[in-house]
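# Descriptive structure summary
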Amino acid sequence: MATAEELKHEITKVEKELFIVETEMEKWRTKQRQLHEKKTELKKSLNKLKSDTLAQVDWAGTNYEWSEKVESTLKTTFKNNTFRPKQLSAINSTLSRQHTIVVMPTGAGKSLCYQLPALVEQGLTIVISPLVSLMEDQVRSLKNKDIPAMLMTSTSPKEETNAALNALRDKNSGIKLLYVTPERLAKSKRFMANLQKCFSNGRLQRIAIDEVHCCSHWGHDFRPDYKYLGILSNMFPGIPILGLTATATAHVINDVQKILNIQGCLIIKSTFNRPNLFYKILEKPTSNDECLNILENLLKRRYKDESGIIYTNSIKDAEDIANGLRKVGLKVGCYHAHMEAEARSKVHMKWHEKTYQAIVATVAFGMGIDKPDVRFVIHHTISKSMENYYQESGRAGRDGLRAECVTLYRMQDIFKVSAMVFSSVDSMDFLYGMVKYCLNGHLCRRELIAKHFDEDWGDSDCNKMCDVCVSGIGNTKEINLESHCQTLANILDNASKQDTKLTAQKLLDAWFLKGPVPLRHKGKEPSFSRIFAEDVIAYLLVDGYLTEDFHYTAYSTIVYLKKGPNMEVVYDKTFTLKMPVRKYTKFEIDKAAPKQLCDHEVTKSVKRPSSTEKKNNKKSKLIIIDD
Ligand SMILES: Nc1ncnc2c1ncn2[C@@H]1O[C@H](COP(=O)(O)OP(=O)(O)OP(=O)(O)O)[C@@H](O)[C@H]1O
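Residues numbered from 1 in each chain as written. Predicted model: local features only at pLDDT ≥ 70, side-chain atom pairs only at ≥ 80, totals over all residues.

### What about the overall build of the protein chain?
A tally of helices and strands in the protein chain yields 22 helices and 19 strands. Taken across its 627 residues, the protein chain has 39% of its residues classed as buried. In the protein chain, of all internal contacts separated by at least 6 residues, the share reaching a separation of at least 24 is 75%. (Helix = DSSP H or I, 4+ residues; strand = E, 2+ residues; numbered from the N terminus. Buried ≥ 20, exposed ≤ 12 C-beta atoms within 10 Å, placed from the backbone. Contact = placed C-beta atoms within 7 Å.)

Quick look at the structure:
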């Protein structure tokens, strides 16, 4: 028998060998990881190459075997004279049986890209769509055009469900379009069995997936049931899939292709510029009454007799604003996720029929709003990202006529929104993108939106349809922030020594030598207004000189400010930081909004009013001078 000494020696030997094996394995694991990464990159490049090659084909041709029928269906059934940009390309590609993803801004006319092909060929088109109200609208409008269409949701009455299921099996059914929700597809075995039957009978024409970005976690509206749609391309070989979305970021589109298993498919993307939308940032007053006063005047005067939407970020705000506006005689509806589906439908309908001038809504009022003549979208609170802002404001002017997108911006709202979103990945970057858009006073607003969608719109694409371009680009004033950064860093260090946390308001107080004396700094009060100082704080926040610190209480989340990573360099001799100053331009809320795209208000840069001037102006003179 071996001695203890010998056994210990043996163990050490084995340990050494194990170490060598593990080091070797780690090396191979790293190699394996690198190869996987390389393979993914190569696959991505291959798919991009495939998509790019497909995109080089001229899909907008009129010499296809179906071209005549396409043209006549557009005119006789849809009563439209011409196609909008990229519609014909999308129609030709799907009729050529290509898997295609169509990316078009809201209101650009995506529905026609699957509704029209449905009528050109024999058989049935399945339309997967996330929103029942959207499907109801579409089915209603198709029936008005004598197009046989049905819908099937998890709440459809039994007879409707049975009729839809029969339409799938019945070879003689004349139904051309069947709308279903993704959960119906994912969870109903009966539906899938009947769809199989439809396919094996050769009657399944194509599968259109509306709001296809809902597949992706990276999109702004992820829906878990959309993930099941990945089975469709394998289950129904040869059946073209047509995905449609208004979300254009490359990341989302890649992800969608992967989830749907249609990598390398054709991507048809039209420009995201909405030339008929006028973009405006308006300074939001601190008091609710003043804010309501602005909304009242906008609705009674600037947008008199016009339809619109007022977006806000909480149910309470939506209810308070709607009640406030009703008290001054305005007809508005309120819409949010806590309302019953029937009540929501009613509000939507009353707005459609113009009984309500506006809907005051949370973002629950979203997808599928097909009201062409929305003349204004007012953001009472900033959106949580540029993507969301683009989608929400994009509900204006779907008829192509001039419409206005007005955002009421105030620093305090950053924290309202961040407290709601901070726990999700990337949410703060998204929110800060939106804040940068609001703080911007020197770049065309369209240019900022274009950047977000990886597009490049020249200055001429704006045609003075944003407040910055109206006030004239160039001659932007800049302010040096070096000494202000140091003061703010001192205040925060000092507060931290006293074990005190500062909200943005408390930080502003200390900066303006207000509030508790021990928290104030030793220097002079800033020579600019507190509102301007708010801009400085917001600017430093989105640039990483300040950072948010979230604390939970029983009822809410409190947002404090602390020094951000970039604050470390503010004492360096070489440190410089300049902030472009927003321009203060006229916006007349008591005058009807211009009707024509080229009707610009005579606008010049004006001096920002003092707070007393503002108070005096509040009721009598309805010119808001904003930044
Ligand atoms: N070629 C065309 N000519 C004239 N009007 C059109 C044309 N194509 C679509 N439209 C109209 O444009 C409006 C918007 O179309 P649609 O609802 O399909 O937009 P969408 O791109 O699906 O928007 P969303 O992303 O909000 O769902 C509809 O009223 C539709 O009738």
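### Considering the environment of Val-377
Within the element layout of this structure, Val-377 appears in strand 12 (residues 374–379). Taking the number of C-beta atoms within 10 Å as the measure of exposure, Val-377 has 23 and is therefore buried. Considering only alpha carbons, one finds Val-377 and Arg-395, 18 residues apart in sequence, at a separation of 7.3 Å. Setting aside residues up to four positions removed in sequence, Val-377 forms contacts with Gly-308, Ile-309, Tyr-311, Glu-392, Ser-393, Arg-395, Ala-396 and Cys-405.

### A word on the site of the ligand
Not every one of the 17 residues close to the ligand is listed here, only the nearest: Asn-80, Thr-106, Gly-109, Lys-110 and Ser-111. Class assignment for the residues of the shell around the ligand results in six nonpolar, seven polar and four charged. (Near = placed C-beta within 6 Å. Nonpolar A, V, L, I, M, F, W, Y, C, P; charged D, E, K, R; others polar.)

### Some thoughts on helix 12 (residues 315–327)
Here helix 12 spans 18 Å end to end across 13 residues, near enough to the 18 Å set by a 1.5 Å rise per residue. Asp-317, Ala-318, Ile-321, Ala-322 and Leu-325 are the residues of helix 12 that are buried. Down the axis of helix 12, the buried set is contained in an arc of 125°. They therefore lie on one face. Within helix 12, the exposed residues directed more than 90 degrees away from the buried face are Lys-316 and Lys-327. Looking at the buried residues of helix 12, the elements they touch are helix 11 (288–302), strand 9 (307–311), strand 10 (332–335) and strand 11 (358–361). Where helix 12 terminates, the next one or two residues include Gly-329, which has phi positive at roughly 90°. (Expected span 1.5 Å × (residues − 1). Arc of directions from axis to C-beta.)

### Quick look at the sheet that holds strand 13 (residues 403–409)
Pairing within the open sheet is parallel, and its six strands lie in the order 8-13-12-9-11-10. In this open sheet, the two strands that pair with only one neighbour each are strand 8 (277–283) and strand 10. Across the sheet, the axes of successive neighbouring strands diverge by a mean angle of 15°, strand direction being ignored. As paired elements, strand 9 and strand 11 share four bridges and run parallel to each other. By the bridge assignment, Gly-308 is partnered in strand 11 with Ala-358. (Pairing = 2+ DSSP bridges. Axes fitted to C-alpha atoms, helices over the stretch in contact; angles between N-to-C directions.)

### Comments concerning helix 16 (residues 427–439)
With 13 residues, helix 16 extends 18 Å between its outermost C-alpha atoms, agreeing within 8% with the 18 Å of an ideal straight helix rising 1.5 Å per residue. The set of residues buried in helix 16 consists of Leu-431, Tyr-432, Met-434, Val-435, Tyr-437, Cys-438 and Leu-439. On its buried face, helix 16 sits against strand 8, helix 14 (386–393), strand 13, helix 15 (411–421), helix 17 (445–452) and helix 21 (530–542).

### Observations regarding the environment of Asn-566
Within the secondary structure, Asn-566 is located in the loop between strand 16 (557–563) and strand 17 (578–580). Taking the number of C-beta atoms within 10 Å as the measure of exposure, Asn-566 has 16 and is therefore partly exposed. On a C-alpha basis, the gap between Asn-566 and Tyr-545 in space is 4.6 Å, while along the polypeptide they are 21 residues apart. Not counting residues within four places of it along the chain, the set of residues in contact with Asn-566 comprises Asp-543, Gly-544 and Tyr-545.

### Let's talk about the UniProt feature "coiled-coil region" (unreviewed entry) in the protein chain
Residues annotated by UniProt as "coiled-coil region" (unreviewed entry) correspond here to residues 4–52. Segment residues 4–52 splits into 100% helix and 0% strand. End C-alpha atoms: 70 Å apart. (UniProt positions renumbered as here; feature names shortened; annotations may be inferred.)

### So, the environment of Glu-534
Along the polypeptide, Glu-534 turns up in helix 21. Once the C-alpha coordinates of Glu-534 and Gln-412 are considered, the two residues, 122 residues apart in sequence, prove to be 8.5 Å apart. Not counting residues up to four positions away in its chain, the partners in contact with Glu-534 are Met-411 and Leu-508.

### Concerning unusual backbone geometry
The phi dihedral of Lys-79 falls on the positive side, at around 55°, and the residue is not glycine. Along the chain, Lys-79 falls in the loop between helix 2 (67–76) and helix 3 (87–95). You can call Lys-79 exposed: it has 8 C-beta atoms within 10 Å. Phi at Lys-354 takes a positive value of approximately 70°, unusual for a residue other than glycine. Mapped onto the elements, Lys-354 comes out in the loop between helix 13 (341–352) and strand 11.

### Notes on the sheet that holds strand 5 (residues 204–209)
Spatially, 3-4-2-5-6-1-7 is the arrangement adopted by the seven strands of the open sheet, whose pairing is parallel. In this open sheet, the two edge strands, each paired with only one partner strand, are strand 3 (149–152) and strand 7 (266–269). Between one strand axis and the next, the sheet turns by 20° as a mean value, whatever way the strands run. Where strand 1 (residues 100–103) lies against strand 7, four bridges are found, and the strand directions are parallel. Note that in strand 7 the partner of Val-103 across the bridge is Lys-269.

### Description of the confidence of the model for the protein chain
Confidence in the prediction of the protein chain, expressed as mean pLDDT, is 89, and 93% of residues score 70 or more. The low-confidence segment residues 602–627, where pLDDT is below 50, has 42 contacts with residues more than four positions distant or belonging to other chains. (pLDDT = per-residue confidence, 0-100.)

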